[in-house]
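A look at the structure
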Amino acid sequence: MSENVSGAPVEHRIRVRYCETDRMGVAHHMNHVAWFEEARTEWLRAQGRSYRDLEDDGYLLQIVELQCRYHAPLDYDDVVVIETSLIRRRRVGITLGYRLTRETDGVLAATGETSLACVSPEGKLRALPEDLFEGGKLA
């Protein structure tokens, strides 16, 4: 994962639910993508904007690339700390990095990245809103 360019990561916690596990009680790999999404929403909220606000203003963020590397299993009822960091900022997109660790022992469970393009409701690339970059949050 590349270095964070926006300061401290935003932390979000989830608890692995029973319905997210397989027969062995281990979190199924598909859930990591949903957890990235949830953490990304909270990261954006920490920047002062919600996904809903962006979409209502005509800024849609589309995933153009997703990577996930699994390091250790997560089990039913584990609390997972998800750190989300800005890796790259471009005029029409951003790349976010994720670190998932088990809260009880700090074991690194997964790392990942998502690259998002900003588009209009018509699907045309557009610049990210300037207010995301005010006050140094994404500077």
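Residues numbered from 1 in each chain as written. Predicted model: local features only at pLDDT ≥ 70, side-chain atom pairs only at ≥ 80, totals over all residues. Heavy atoms only, no water.

Attention shifts here to the packing of aromatic side chains. Two aromatic rings, taken as a pair, are described by how far apart their centres are and by the angle between their planes. Throughout the structure, instances matching the rule amount to two aromatic pairs. Summarising the aromatic geometry, the rings of Tyr18 and Tyr76 are spaced 5.6 Å apart at their centres and angled 90° between planes, so their arrangement reads as edge-to-face. A residue pair is termed long-range when its members are at least 10 positions apart, and Tyr18 in the loop between β1 (10-15) and α1 (30-46) and Tyr76 in the loop between β2 (60-70) and β3 (79-90) qualify at 58 residues. According to the relative accessible area criterion, Tyr76 is partly exposed, its value standing at 45%. Taken together, a centroid distance of 4.3 Å and an interplanar angle of 10° make the contact between Phe36 and Tyr98 stacked. Linking Phe36 in helix α1 with Tyr98 in strand β4 (residues 93-102), this pair joins segments that are 62 residues apart in sequence. Using a relative accessible area of 0% as the deciding quantity, one classes Phe36 as buried. Between the NZ or CZ atom of Arg126 and the centre of the ring of Tyr59, over which it lies, the distance is 3.9 Å. (Phe/Tyr/Trp six-rings, centres within 6.5 Å; stacked < 30°, edge-to-face > 60°. Helix = DSSP H or I, 4+ residues; strand = E, 2+ residues; numbered from the N terminus. Buried < 20%, exposed > 50% of the residue type's maximum accessible area, 1.4 Å probe, protein only. Lys NZ or Arg CZ within 6 Å of the ring centre and 35° of its normal.)

In this section: the sheet that holds β2. Strand order across the open sheet formed by five strands is β1-β3-β4-β5-β2, with antiparallel pairing between neighbours. Looking at which strands have only one partner, the edges of the open sheet turn out to be β1 and β2. On average, each strand axis in the sheet is tilted by 25° relative to the strand beside it, whichever way the strands run. In terms of strand pairing, β4 meets strand β5 (residues 108-119) through nine bridges, oriented antiparallel. Residue pairing across strands places Tyr98 opposite Gly112, the latter belonging to β5. Where α1 meets the sheet, its contacts fall on β1, β2, β3, β4 and β5, and the angle it forms with β4 comes to roughly 115°. (Pairing = 2+ DSSP bridges. Axes fitted to C-alpha atoms, helices over the stretch in contact; angles between N-to-C directions. Contact = heavy atoms within 4.5 Å.)

Another aspect to go through is the pairing of β4. Side-chain positions along a regular strand alternate between the two faces of the sheet. Of all ten residues making up β4, nine are buried, and the element is well covered by its neighbours. Direction of pairing for β3 relative to β4: antiparallel, over a ladder of ten bridges. Along β4, the bridge assignment pairs Thr84 with Tyr98. Where β3 folds back on β4, the antiparallel hairpin that results is connected by two residues. Hairpin geometry of β4 and β5 is characterised by an intervening segment of five residues between the two adjacent antiparallel strands and by a positive phi of about 75° at Gly106.

Here we take up the nonpolar core. When a protein is soluble and globular, its nonpolar side chains tend to lie buried together. In terms of nonpolar packing, the biggest core is built from 27 residues, with Trp35, Leu61, Ile82 and Leu100 touching the most fellow members. Mapped by element, the contributors of at least two residues to this core are β1, α1, α2 (51-56), β3, β4 and β5. Sorting elements by how many residues they give to this core places α1 first, with five residues. In this view, Leu100 contacts His32, Trp35, Phe36, Val80, Val81, Ile82, Val107, Leu108, Ala109 and Ala110; residues no more than four positions away in its chain are not counted. (Core = buried A, V, L, I, M, F, W, Y, C linked by side-chain atoms within 4.5 Å.)

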